[in-house]
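Take a look at the letters that make up each chain.
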Amino acid sequence: MWTALQRRFRDGSSSPREYGTAMSLGLVAPLLLLLLIAFVYPVGRLLWNSIFAPDATLVHYGRIIEEPLYLLVLWRTLEIAFVVTVLAFLLGYPVAYAMARMSGRRAMLVAACVLVPLWTSALVRSYAWIVILQRNGIVNDLLEEAGLIETPLRLLYTKGAVILAMTHVLLPFMILPIYSILRNIPDELAKAARNLGASAPQAFLRITLPLSLPGAAAGTLMTFILALGFYITPALVGGPRTLMMSTLMAQQTTELLDWPFAGALSAVLLASTLLLVVLYRRALSFNKGFKIG
Amino acid sequence: MTSVTGVVAALGLGLILFFLLFPTLIVVPMSVGTASHIEFPPRGITLRWYIEYFHDPDWMAATWFSLRVAIATTFSATLVGTLAAIALVRGRLPGKEFLQAFTLAPLVVPHIVIAVALYLTFAPLGLTGNLTGFVIAHTMLAVPYVVVTVSAALQRFDPALELAALNCGATRIQAFFYIVLPNILPGVAAGAVFAFLASFDEATVAFFISGIEGKTITRKMFEDIDFNLTPVIAAVSTVLTVLSLILMGMIEIARRRSGYGGPRR
Amino acid sequence: MHGASVSLRELGKSYGPVPAVERLAIDIRPGEFLSLLGPSGSGKTTLLMMVAGFERPDTGAIWIGDRNITQVAPNRRDIGMVFQRYALFPHMTVAENVAFPLRMRGFPKTRISQSVAEALSLVQLEGLEKRLPAQLSGGQQQRVAVARALVFEPAVLLMDEPLGALDKKLREQMQIEIKRLQQSLGITVIYVTHDQEEALTMSDRIAVLRDGYLEQVGSPADLYDAPATAFVADFIGKMNFLDGICRKLGADCLEVDLGRSGTIILPQQPVASAPPLQQGQRVRLAVRPERMKLDRHDDRKISGVIEAVIFAGASHTFLIRLAGGEIIHVQTQATHGGSLPQEGDRIGFVIPDDAVHVFPQAEC
C-alpha cells in the first residue's frame, strides 16, 4: 500500500496546473499541526523519556537485553511475528492466486471471504478466537463430544493461540498486495510459457512466481510489521502468560507506570518498523526494471 | 490427473477461506444463543442478549460516546484530510515527497506506541476520557485514509476542467466548488466512511485514553471480555460487524459503479 | 524446418449453452498460410486456443501431420505461437525470452546461444539481446515474440492478431516481413485477424467464421469473386446490397423486383445460389462497386440521383440514391478530361450479369 500511495502522489505532481506555494501550505497546515500535536510530540516525548529521564542514560535499553524475562519477550515477539508471517504467506498466496485467476461469481465469493474479515474489527475477531479456544469453547466441546479428550485442553493464553489468531487477523494484509500484483500479470504469460514447452509447475515457478515477488515481498513485510506491534490480539488471546512487546508495554505503563522503560520498548519497536519500511520500499522498487502488462 | 489436483486445490482453498470466514462470522450465531454461557452451535434462538445490550446503561453510554467520537472525527478528519490532499496532489510544496510520506506515518507506526505516547501526553492535560482528547487522537489516526482516498480521486480529475471553468469566468473558489468538488465527491465520501470506521472500530488507543466516564464501546468490550464473558459481547460484536460490513459494502459497491478506486491495499 | 499439415476435424466447443465453435472442419496443407477471419465473438480465437491446447474441444479432433494432438498438453505440442499482446516475459531479457523454449527442452547452453543468435538475426534484432521487453518499441517486441515462437523450429506457427497493436505503416511493413519469413521457412501458419485487408494480403487461404460457424474457406480471390454467403460478401471488400423478391423464374432467366427502385433481369442462374430459388422468395443481390458502370442514358431499368462524388486518387466513387431510397456505390477509374457526372444528376447504370450474386434473404 505504502509505495502505491507514493506512486499516486508522484504521478499527480506532474499535472499541468499547480496551486501556489502559499495556498498549498495553508491547506496542509491544519494536518501538519494535528500531526505535531497528536503524533510527533507525544511519540517524541515518549522516546525522549527513555533516554533523558531524568539524566541521559541508556539503562532502560540495557534492561531489555539484561533481564531474561524481557529478552524472552523480545525473542518471543520476533518468533511469533516470523511464524505468523510464514503461515500467512503459505495460506495467503493460494487465495490471492485463486482470486486473481478466477472470474465472475467465484472471484466475487473469494474476494468476499477476504474482504469481510478485513472490514471486521480486529477486536471482534480476537474475541471470536477466545470463544473458539477457551476451556469450554468450541474446540474443546467438539473434542470432548468426539470422545478424544476427557478434560478440556488449555488452548487459550498460549503461544499457539496467539499465532493462530494473529494469522487469521493479518491474513488479508498478506493476500491483498499479492493479489494486486498477480492480477496485473496477464494470463497470457503463463500460456506463452506452456506453449513454449514449460509444464504447468515450470510455468508457475519460472514466470508467475518471479513476477509476483514484489507483491509477495510487500505482503510479507506488511504482515511482519503489523505482527511486531500488534496489541489487541496478543492482549486478548495471549494474556499475561504470553507477553509480547506490545502487551509488555501496556503492562509497564498501566500497571507499573514505568514510562522510561515503555519509551525504550517503543524505540526498539519503532526502529525495527522503520527498518522494515525501508526494506519494504526497496522490495517494491525491485520491479522498476520491468513493466507488467 | 488434472481433475484430482483440481479437487485437492479446491478443497485446500475452501479450507483457507473457512479459516478466514468462520471466526469472523461466528459471533452472529453466538449472539442469538439461549444459554447464558457461550455455546456453539446454539441450542435455541433468542434476542435476549440484544435486549440486554440495549437496556444496559453502561453499554449504551459507551455506544453513544463512541458514536459521538466517530461522528466528530469523521467531520474533522474529512475536512483536514481533503484540504491536505488538494495541496499534496495539486499544490507546489517544498519537500512534497517528505510531506506525503509524513502524512501517512500514523498508518505504519504501531498503534501501541501511539497509544502509550498519547496516554503519557494527554493524561496530565486532562484529555483522557473525554470527547476532545478522543477526537484529536482519532482524527490523527483517521486522516491518512481520507488523504489517500481524496488523493486518488484528485489524480483522476482532469485539471483541464478547472482551466475551462476559469476560462468561463469562474473565480478559483467558484471553480473549486462547482467543478472540482463535485468530481472528487465520491472520494471524499469514501474517505469519510473510512474515517468513521477507523474511529468507531479503533481499540488500541481507545483502551489507553478512555476514562471511567468517557469510555468507548471497544474499551467496554475489552473490559467485559476480561471479566464477564457473556453473550452480550457477541451481540455487541454482531452490531459492530454488521455496521462495518454495511458501510464498507456501500463503499465497495460505489467503487465498482464509479470506478473511483479508494485505498487499495 | 518445414511445415506440417493441420487437420481440424469436426471441432466443437461451447461455454455453457453458448456454442463458441460448431462442428468446424478445415484441412490446412503443409506450408500454407491460413487466416481465420471474422468479427469479434466469431470463435476464431477459441479455435486458435484449441489448436494451442489452452481450450479443450468438446467434440472433434486436431491432427498435426499424422499425430492426433487433441489430448496433448500445450507444452508438448511443439506449436509456435505469437500472442495478441506478445506475452513477452517482462522479467527476462530479449535473449532470455527467446532462449526460454530451448531451456524448457533441456538444450545444451552452447546450442541455445547459437539458436538464439540465429533467431534474433532472422528477425533483425541483433544487438538487443540484453534489453528488457519494456525497453523495446512495439515493433521490436513483435519481432521478439516471433523469434521466440520460431526458435525451437516448430512445424506450425499460430498468430493471434499479432499486428493489432501496431500503427498502420509498421503493420504493413510487418505483414510483408512475416509473409517473407513464412515462405522462406516453409512453415504452416494459422493467422487470426479481424482485418480483412490483412487477410487478403497475406493468406494462401482464408477461413471466414461467424458465430462459431465456418462460412467459407477459400483463396482470397475465391472469397472476393465468389462469396458463398451474404455475410462473406459483406465482410470481404466493399459490396452493394439490394433487397428484392424473385418474380419470374424461367428456365434460364430470373427477374428480381426491387420495389420502387425497379427490377433487374438476370439472363441466367446467377453465381452462388446453392439452394434453388423459389418464386416469390425474398433475395438479396450483391454487386461490387467497381463492377458497376455508369450510363448517361437514364432510360435504363434502374437509375438514381447522384448524391455525392468521392475522389480517391486512382478512382471516383459515386453515391447514387435509387428511387426506393437505397444508396449504391459505383466506383470508376479516375478519368482525365471529359466531364464527370455531377451531384444531382440523374443517372443510370449497367450491371454485368456475371457480377451479381444472389443470396436467399432468410440467412441475411
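Everything quoted here is computed from the prediction, not taken from an experiment. (Residues numbered from 1 in each chain as written. Chains lettered and ligands numbered in written order. Predicted model: local features only at pLDDT ≥ 70, side-chain atom pairs only at ≥ 80, totals over all residues.)

Description of the overall build of chain B
Defined as follows: Counting from the N terminus, the helices are DSSP H or I runs at least four residues long and the strands are E runs at least two residues long. Three exposure classes are used, all based on how many other C-beta atoms lie within 10 Å of a residue's own C-beta (placed from the backbone): buried at 20 or more, exposed at 12 or fewer, and partly exposed between those limits. What counts as a contact here is a pair of residues whose C-beta atoms, placed from the backbone, lie within 7 Å.
Per the secondary structure count, chain B includes 12 helices and zero strands. Sequence-ordered secondary structure for chain B, helices as α and strands as β, is α-α-α-α-α-α-α-α-α-α-α-α. Overall, the C-alpha framework of chain B stretches about 70 × 70 × 30 Å when taken along its three principal axes. Out of the 265 residues belonging to chain B, those deemed buried represent 49%. Long-range contacts, defined as pairs at least 24 residues apart, comprise 74% of the intrachain contacts of chain B with a sequence gap of at least 6.

Some points on the sheet that holds strand E8 (residues 188-193) of chain C
Within a beta sheet, neighbouring strands are joined by backbone hydrogen bonds and run either parallel or antiparallel to one another. Residues and elements named next belong to chain C. Note the cut-off: Two strands form a pair only when DSSP identifies at least two bridges running between them. Lines fitted to the C-alpha atoms define the axes, with helices restricted to the stretch that makes contact. Angles between their N-to-C directions range from 0 to 180 degrees.
On the basis of which strands lie adjacent, the open sheet formed by six strands has the order E6-E7-E8-E3-E9-E10 and mixed pairing. Edge positions in the sheet fall to strand E6 (79-82) and strand E10 (213-218), since each has one partner strand and no second. For this sheet, the mean inter-axis angle between neighbouring strands, taken without regard to orientation, is 15°. For strand E7 (residues 156-160) and E8, the ladder comprises five bridges, and the chain directions are parallel. Bridge pairing in E8 links Asp160 to Val192. Of the strands in this sheet, E6 and E7 are in contact with helix H4 (residues 138-150), which crosses E6 at around 170°.

With respect to the nonpolar core
A general feature of soluble globular proteins is that nonpolar side chains tend to end up buried together. Test applied: In this description, a nonpolar core means buried residues of the types Ala, Val, Leu, Ile, Met, Phe, Trp, Tyr and Cys, linked to one another by C-beta atoms lying within 7 Å.
Counting residues in hydrophobic clusters, the biggest one holds 163 residues, and the most contacted among them are A:Ala96, A:Met166, A:Leu170, A:Ala227, B:Ala84, B:Val116 and B:Leu118. The contacts of A:Leu170, once residues within four sequence positions are left out, are A:Val84, A:Ala88, A:Thr223, A:Leu226 and A:Ala227. Core analysis: the second largest hydrophobic core is formed by 101 residues, C:Leu24, C:Val51, C:Ala207 and C:Val283 among them.

Looking at the pairing of strand E17 (residues 315-322) of chain C
Residue and element names in this part refer to chain C. With seven bridges joining them, strand E16 (residues 303-311) and E17 adopt antiparallel strand pairing. Each residue of the ladder has a partner; that of Val309, found in E17, is Phe318. Hairpin connection between E16 and E17: a loop of three residues separates the two successive antiparallel strands, and Gly313 in this loop has a positive phi of roughly 75°. Bridging between E17 and strand E18 (residues 327-333) involves seven bridges; their strand directions are antiparallel. The partner of Thr317 across the bridge, within E18, is Gln331. Here E17 folds back onto E18, and the loop between the two strands holds four residues, one of which, Gly325, carries a positive phi near 100°.

Here's the deal with the confidence of the model for chain B
Interpretation of this model should avoid reading the predicted coordinates in detail wherever pLDDT is low. Residue and element names in this part refer to chain B. Just so we agree on the cut-off: As a per-residue quantity, pLDDT reports the predictor's confidence and falls between 0 and 100.
With 94% of its residues at a pLDDT of at least 70, chain B reaches an overall mean of 87. When mean pLDDT is taken per element in chain B, helix H4 (residues 57-90) scores highest with 95 and helix H8 (residues 159-167) scores lowest with 73. Scored below 50 in pLDDT, residues 260-265 shows 21 contacts in the model against residues more than four places distant or in partner chains. Both confidence scores are given for the complex: pTM 0.79, ipTM 0.87.

Some details on the interface of chain A and chain B
How big an interface is tends to be expressed through the accessible area that disappears when the partners come together. Facing 80 residues of chain A, the contacting portion of chain B comprises 77 residues. Tallying contributions element by element places helix H2 (residues 21-52) of chain A first for the side of chain A that touches chain B, with 18 residues.

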